[in-house]
Amino acid sequence: MSEKEPKILSFLCNWCSYGAADLAGVSRMEYPSNIRVIRIPCTGRMSPKFILAGLRQGADAVWVSG
Amino acid sequence: MHTLSEVTEVSGTAGNFNVTLHEDARYIDINKCTGCGDCAAACPVSLPSLFEQGLGERKATYRPYAQAVPGAYSITKKDRSPCTNACPDHVNAHAYVALVAQKKYPEALEVIKRTLPLPGVIGRVCPHPCEDACRRQEVDAPVSICTLKRFVADQVDIENSPIPEITPRQEKVAVIGAGPAGLTAAYFLAIDGFQVTIFEALPVGGGMLRVGIPDYRLPPAVLEKEIRAIQRLGVKIQYDTALGRDITVDSLMADGFESVYLAVGAHASMKLNIPGEDTEGVITGVRFLRESALYERKQASGHVVIVGGGDVAIDAARSATRMGADNVTILYRRTRAEMPARNEEIEDAIEEGIHIDFLMAPQEVVAENGKVSGLKCLRMELGQPDESGRRRPVPIEGSEFVVACDMIIPAIGQRVNPAFLEGTSGIELTKWNTIVTDTISCETSRSGVFAGGDAQSGPWIAIGAVAAGRRAAESIRRYIDKEDLKQGRDPIEPPQKNFNPIPEKIEPQFREQMARIPVAERVSGFTEVEKGFTEEQALTEAGKCLNCMVCCECFECVKACGADALTLATHMDKPHSTELNVGAIILAPGFAPYDPSGLDFYGFDTLPNVVTSMQYERMLSASGPFGGHLVRPSDHQEPKKIGWIQCVGSRDQNKCNNSYCSSVCCMYAIKEAVISKEHAGEDLECAIFFMDMRTPGKEFERFYETAKGKHGIRFERSRIHTIEQTDDGNQLTVRYFTEDGRLVDEIFDIMVLSIGLETPPDLVDLARRLDIDLTPGNFARTDIFNPVATSKDGIFVCGAFQGPKDIPQSVIDASAAASAAGELLATARNTMTKTKEIIPETNIVGERPRIGVFVCKCGSNIAGVVDVPSVREYAESLPYVDYAADNMYTCSQDTQDMMTQIIKEQHLNRVVVAACTPKTHEPLFQETLVNAGLNKYLFEMTNIRNQDSWVHKNNPELATEKAKDLIRMAVAKVALMEPLVETELSINQTAMVLGGGIAGMTAAQSLAVQGYETHLIERNDYLGGQAVNLFHTSQGDKVQEKLADVIRTVEANDNIKIHLNTELTHVDGFVGNFVSTLASGGQSEELEHGIAVLATGATPYIPTEYAYGQAPNILTSLELDQKLIADDPMLKTMNAAAFIQCVGSREPDRPYCSRVCCTHSIENALELKKRNPDMNVYILYRDIRTYGEKEYLYKAAREQGVIFIRYSLNNKPVVSATGGAITLKVTDHVLGLPVELSVDMVTLATAIIPYADEKLANFFKVPMNEDGFFIEKHAKLGPSEFATDGAFLCGMAHYPKPIDESIAQAKAASSRAVTLLSQKTIFSSGTIAQVDPMKCAACGVCVSICPYSAPSFAAEGRFAGKAEINPVLCKGCGLCVASCRSGAIHLKGFDTDQIFSQIFELDAAV
Amino acid sequence: MSKDVIGSVMVVGGGIAGMQSALDLADSGYYVHLVEKSPSIGGAMSQLDKTFPTNDCAM
């Protein structure tokens, strides 16, 4: 994986996964920095258009969690 | 909120209580602490975390867990550590030992230097009273505190250590004597800024340290270095200047010295007072050591005899050996046990070939040619103890003999030489020539002249002189500043009782010993004997500290705190009392988990793999001690097999005196087993060892069945005999009796003890102080019809202190208690609350975005990783950003005030904060916007701490890049934010309660008493519901009498309008504005109301099994109650009666437990026994579920001879009725054989079944579960309300429950309703969905998918038929937005273009 | 019952029950003193991993 790090865009639910991502920090866990988080009010808010837009913007993966 | 507080006293009556609280010190300013955790990172003290149940560690400064509220840290401090306390100078040994353990040597030196400027010296010569006090000796041996001090001094170059900031002053102070007292006084006076000169009689500094202690114990270089370090502060030392010879106090005063400190020491020797003492060859120990130290005497020869048993005697002897004496003998008049010299010194001396003769007293010096040739001695024996407690030596008559020798060194003590007073007047001496001083101020009889050290105290240990010097320095400063010399300096004896407990599982260790040079090398010179600790040794020793005081007061946290929340001042905080005046008191103090220590057959104390269920919860938790990875505590290997033992500390009178059932353990054990399988996979074997499986709550039985079936968890009805460890220590052998009485051994990796709930002793004390009654199980006594009221008016109770219970019941009781308090205080509502000032909002419509970006450093939490200044600069370069700043702590109050100011001055109209997480801090910053006159939705927060600096700490560059990206995305989004309106909606103040049973009536009564007009709707022509059929409660109340009281009270309340024979036929509207149509006798009326309580109850199952209906004496439970109410005479004459449990419950097509039947049948069984003690009463059951203190009934029934026979679902009893006789066939579970019982009556404990009223469910858009009970908003946290706003739930419509639980839930529903009604108006959130009706295709997807029923079709107007969203019902989830095919719905605050703007800013990112 | 009725309530214990009582009362127009003996509220529930029977996170 050294030559290419995948770029990940993630949409995290405010009520669960976003909190979990906070907790990962509180627990001082470490993970690669090539991920960008967009907070959404609920995964119900997710629209396929966001995923497509993310991919078009150059993200290698889009992660929706909620 | 009052944290760290306990109630100490309560007086007054209901409606008006005076309460005294005792509040412990937090030692951290709760208002300034930002919870960043820098203090904990700096803290050297770790101890087991109570939150992690001892499985993890925390620091002395801590927050119990990451999400704790308040988020401020607090410090645990107990009584002052014994080591520090025992030191005459109170050198903070605990702190420097703790810092050594952290390898923080310069910091450790700094701690020592707070009170002691001579660490290397004292670390070598001190007889260490600290170690005598060390509690570690209760385990093995004291920590080598003194050697650790020397280790610190050896590690850090004191001459280059930082100098404290000194503000110079003009005043001059003279110190006489450069010994430990004089040097210390000079050091602290110099720090105070004074011009200090030390006058020293000798040509060298150090006093007795230099000329009394031989070089092999204290190398002069060490002392000289530390003296030079003192001189760095500007202290001058004038050598060869003796007071009384070269100067006088008067001459010094004349020279402009404001004050003089006399620290001349005790350099004269005591005399033997024997003939010939002045002969050549007799030299005092003090003189011998001094001459040797000054290299004036370099050699000794022949036989040297030393007289005395103290340190000086040993020092002289060992020095003589080194100086070439042929042999050296010490004569001591008592025995080894009485020798005052340090034991290790005596041993060293013997090792070096020195001979010690005990019980010898010198009589006369024998001279030859004017020189010593021998010493005539007398043999002694020990007599009676003298005043010092040592046995007095008594001469043995006629035992004289002469010891031939060439030199005699008497070393029997020192004294003060009064020559220093030549030419000085006004200074009083004692009869021993020591200087008289005030004990607190150290001032002599002459004003301005102070004294200390050996010259004042007589010969004592060096650290005593240091203490005296430090005390004198303070006095001299006060004297010069003309302050009171004594104020606030009274000696205090700090308490020495409350210490950090010594861990139970602690291994004794050997005490580390310093390496020493070999004896041959020792005796040939004055090289230092002891080499000090290696780093490894030092760390081992320091690691043994028990942290008696917990916080060691090293003050590293003070240095670490950037928010000024933790200071030297806050470290001195004291506990204090607070007085409160309150109308009512609610007790919700909870429980203590049962402590299984001491139950040796479970081995909890000794076996690491036996854990309590609370510990196991932490082991499972992702934030727990093992990070959520399920492992065996002994070796951190993944377990293959885990067992649970139920009823540890419950249902047990023999071992723990808790004969009640703890009500929750069966549930959590099943949960833990299921989650364990989720963690470890399907191969993990789980077994639960139990007596009765008690899952009587909503959805609980279903979960139990799933655990058995789907998850394959084994349930073993058994008794545990013992748990033992296997030979490798990593597995456990569990020996138990199976159901059929076989003894079985089985191997497990982990055994979990399902510990019960109990009331801790301090709560029993609190109850006593409050004068409230307790039950036999030590829970607060309450009444079935008043389940949250204690025996004292105005004091209510909820949670596990009312009885062992689970979370939903605790939450129900909590709201019920709030309601009970609200009913009591209704007249004073809103009298104590404050309203907020409203700040006018600036209109920003039409303005271009002017964005302010605030980047937080969070102390070092962000700035330690992310390059904050460069991020700030980057933010300044972004479009529309007019202002960017970085702040140390953006959340601190002063930064908030500054932000308000900046927003106004810079006319900012959008704000981005890049800091921690919006989950905790968004509301705070939004309030800042409001204070600055901005709409709070013109804000975006981005997370550069929890999701950046904390998780990428090893990658500062990438973390900085990420922070820039996140800010760019936030800026792009915030630019598109618009002010949002929170819609206001008025709440109709009328309530409607459906159902006139106990629950409905209680809810109506509660609402009415709190001032709300309430309509009580009942479909029958009477009030009372199912309660009209009941005979007794589990506490023996006559239900019919109590019920009549309730009905009377409801009927008498003017606020309650009762509608009997009335059905609900239609409901319109939503929260605050419902319109319901009521039909009664063919007539309809409309009722407008703001809230609705659904208390529609349930109905008994009419059985088709067990020959019901085939004989008159086969009854349901309620039919038996009717007979009991009617006092049917047959009940007294029958010979035998049986109850069959679970009739229609826990069956495949009705898989829930009806909760009340076990208790109900046992109650009635007892009643039958009461009416006819000779009657045979049988209860045929599957599991007896008398949860909580209802267990006492079960116990009483067994004691009174009720026979319990267990049957299983696949082998049910068979009832046959022929003629009048009833026969029961059942397989006895003990014998395993079928038995046949002839009984006169069979009572079927029938299920409680819900009405499953679809129509009602649709009216309020509330869901029902598979069984037909209504589904509450949240199983744990919202048990008495619906997800539909404004609709509440109580009683058996929720789930089968006894009267007390129905009443509690009714009050809870009322409480929840009042929280809404009392607002009068409510505001919607701003971030809600809105339909653009022009685009709406009226497809109806949004209407059908919204879980909150917010969208509907507009009924009228221009856009009739199009969807519209009720802003009050909308929760802003965005489900409708995503589902709208026409793109007609917008979610304000998370609109599509706003999210796109974030996505579009990605390209530069990732 | 006292004549001077005070519109405030003291809730002893900051666990799930105490917090729920305090919230209900505060939302109903009463001043609430929440008294907790440890440094922070949350009680025993915050120590639990998941809750029965939904296996929701207890935190």
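Now for a description of the structure that goes with this document. All values derive from a computational prediction rather than experimental measurement.

As for the interface of chain A and chain B
Stage number 1. Opposite the 37 residues of chain A that make contact, chain B presents 42 residues.
Stage number 2. Here chain A packs against chain B, burying approximately 3600 Å² in sum over the two surfaces, 61% of which is carbon and sulfur.
Stage number 3. Between the two partners, chain A and chain B, sit three salt bridges.
Stage number 4. Counting the contacts that link chain A with chain B gives 14 residue pairs in polar contact (both at pLDDT 80 or more).
Stage number 5. Of all the secondary structure elements, the ones that give two or more residues to the side of chain A that touches chain B are β1 (8–13), α1 (17–26), β2 (35–40) and α2 (48–56) of chain A.
Stage number 6. Residue contributions to the side of chain A that touches chain B peak at eight residues, all from α1 of chain A.
Stage number 7. Of the residues that constitute the side of chain A that touches chain B, the class distribution is 21 nonpolar, eight polar and eight charged.

Re the packing of helix α25 (residues 807–825) of chain B against helix α1 (residues 16–27) of chain C
Stage number 1. The geometry of α25 of chain B relative to α1 of chain C is characterised by a closest axis approach of 8 Å and an angle of 35° between their N-to-C directions. Read as a crossing pair, α25 of chain B and α1 of chain C show a hand that is right-handed. Judged by residue contacts, I807, S810, V811, A814, S815, A817, A818, A821 and G822 of chain B of α25 of chain B engage I16, A17, Q20, S21, D24 and L25 of chain C from α1 of chain C.

What about the side chain of S475 of chain B?
Stage number 1. Within the secondary structure layout, S475 of chain B lies in helix α16 (residues 462–480).
Stage number 2. Excluding its chain neighbours within four sequence positions, the residues that come into contact with S475 of chain B are I440, S441, F450, L485 and R489 of chain B.

A few points about the pattern of salt bridges
Side chains carrying opposite charge are able to pair once their charged atoms draw close together.
Residues and elements named next belong to chain B.
Stage number 1. Under the counting rule described, the total for this entry stands at 94 salt bridges over all chains.
Stage number 2. Note that R511 and E131 form a salt bridge whose closest N and O atoms lie 2.8 Å from each other. Taken as a pair, R511 in the loop between α16 and α17 (519–523) and E131 in helix α6 (residues 129–133) lie far apart in primary sequence, 380 residues in all.
Stage number 3. On the basis of relative accessibility, which here comes to 26%, the residue R511 falls in the partly exposed class.
Stage number 4. The class for E131 is buried, based on a relative accessible area of 3%.
Stage number 5. Taken together, the shared-partner salt bridges connect R217, D315, R318, R322, E345, D348, E351, E352, R516, R522 and E530 into one network.

A short note on the interface of chain B and chain C
Stage number 1. With 86 residues of chain B in contact, the opposing surface of chain C contributes 48 residues.
Stage number 2. The junction of chain B with chain C conceals about 5500 Å² of combined surface from both sides, 63% of it contributed by carbon and sulfur atoms.
Stage number 3. Our enumeration of links across chain B and chain C arrives at one salt bridge.
Stage number 4. Note that R1312 of chain B and D24 of chain C form a salt bridge whose closest N and O atoms lie 2.3 Å from each other.
Stage number 5. For the pair chain B and chain C, the number of links is 28 residue pairs in polar contact (both at pLDDT 80 or more).
Stage number 6. Considering each element in turn, the side of chain B that touches chain C owes the most residues, eleven residues, to α25 of chain B.

With respect to the sheet that holds strand β52 (residues 1214–1218) of chain B
Residue and element names in this part refer to chain B.
Stage number 1. Spatial strand order, β52-β53-β54: three strands in an open sheet with antiparallel pairing. Lying at the two open borders of the sheet, with one neighbouring strand each, are β52 and β54 (1234–1239). Neighbour-to-neighbour, the strand axes of the sheet open up by a mean angle of 20°, direction not taken into account.
Stage number 2. In this sheet, β54 lies alongside strand β53 (residues 1221–1227) in antiparallel orientation, the contact comprising six bridges. Residue pairing across strands places I1222 opposite V1239, the latter belonging to β54.

Section: the side chain of S65 of chain A
Stage number 1. Take S65 of chain A: it is sitting in strand β3 (residues 61–65).
Stage number 2. Discounting residues that sit within four places of it in the chain, S65 of chain A has contacts with F11, L12, C13, S17 and T43 of chain A.

Let's talk about the environment of A17 of chain C
Stage number 1. In this fold, A17 of chain C is placed in helix α1.
Stage number 2. Linking A17 of chain C and M45 of chain C, residues 28 residues apart in sequence, is a C-alpha distance of 10.0 Å.
Stage number 3. With near-sequence residues (within four places) excluded, A17 of chain C lies in contact with A588, C798, G799, S810 and A814 of chain B.

Digging into the nonpolar core
Residues and elements named next belong to chain B.
Stage number 1. Among the nonpolar cores identified, the biggest contains 143 residues, and Y261 and V853 are the most heavily contacted of them.
Stage number 2. Here this core gets nine residues from one element, more than from any other, and that element is α16.
Stage number 3. Ranked by size, the runner-up nonpolar core spans 72 residues in total, among them I987, A1008, C1290 and C1346.

Notes on the sheet that holds strand β2 (residues 16–23) of chain B
Residues and elements named next belong to chain B.
Stage number 1. Pairing is antiparallel in the open sheet, where three strands are placed in the order β1-β2-β22. Looking at strand neighbours, the two that pair on one side only are β1 (5–13) and β22 (576–582), the edges of this open sheet. The sheet shows a mean angle of 20° between the axes of neighbouring strands, taken without regard to direction.

What counts, and at which threshold
Residues numbered from 1 in each chain as written. Chains lettered and ligands numbered in written order. Predicted model: local features only at pLDDT ≥ 70, side-chain atom pairs only at ≥ 80, totals over all residues. Heavy atoms only, no water. Contact = heavy atoms within 4.5 Å. Buried area = accessible area lost by both parts, 1.4 Å probe. Salt bridge = Lys/Arg side-chain N within 4 Å of Asp/Glu carboxyl O. Polar contact = N/O pair within 3.5 Å; in protein donor to acceptor, adjacent residues only side chain to side chain. Helix = DSSP H or I, 4+ residues; strand = E, 2+ residues; numbered from the N terminus. Nonpolar A, V, L, I, M, F, W, Y, C, P; charged D, E, K, R; others polar. Axes fitted to C-alpha atoms, helices over the stretch in contact; angles between N-to-C directions. Left-handed = near helix turned anticlockwise from the far one by under 90°. Buried < 20%, exposed > 50% of the residue type's maximum accessible area, 1.4 Å probe, protein only. Pairing = 2+ DSSP bridges. Core = buried A, V, L, I, M, F, W, Y, C linked by side-chain atoms within 4.5 Å.

Geometry only, nothing functional implied.
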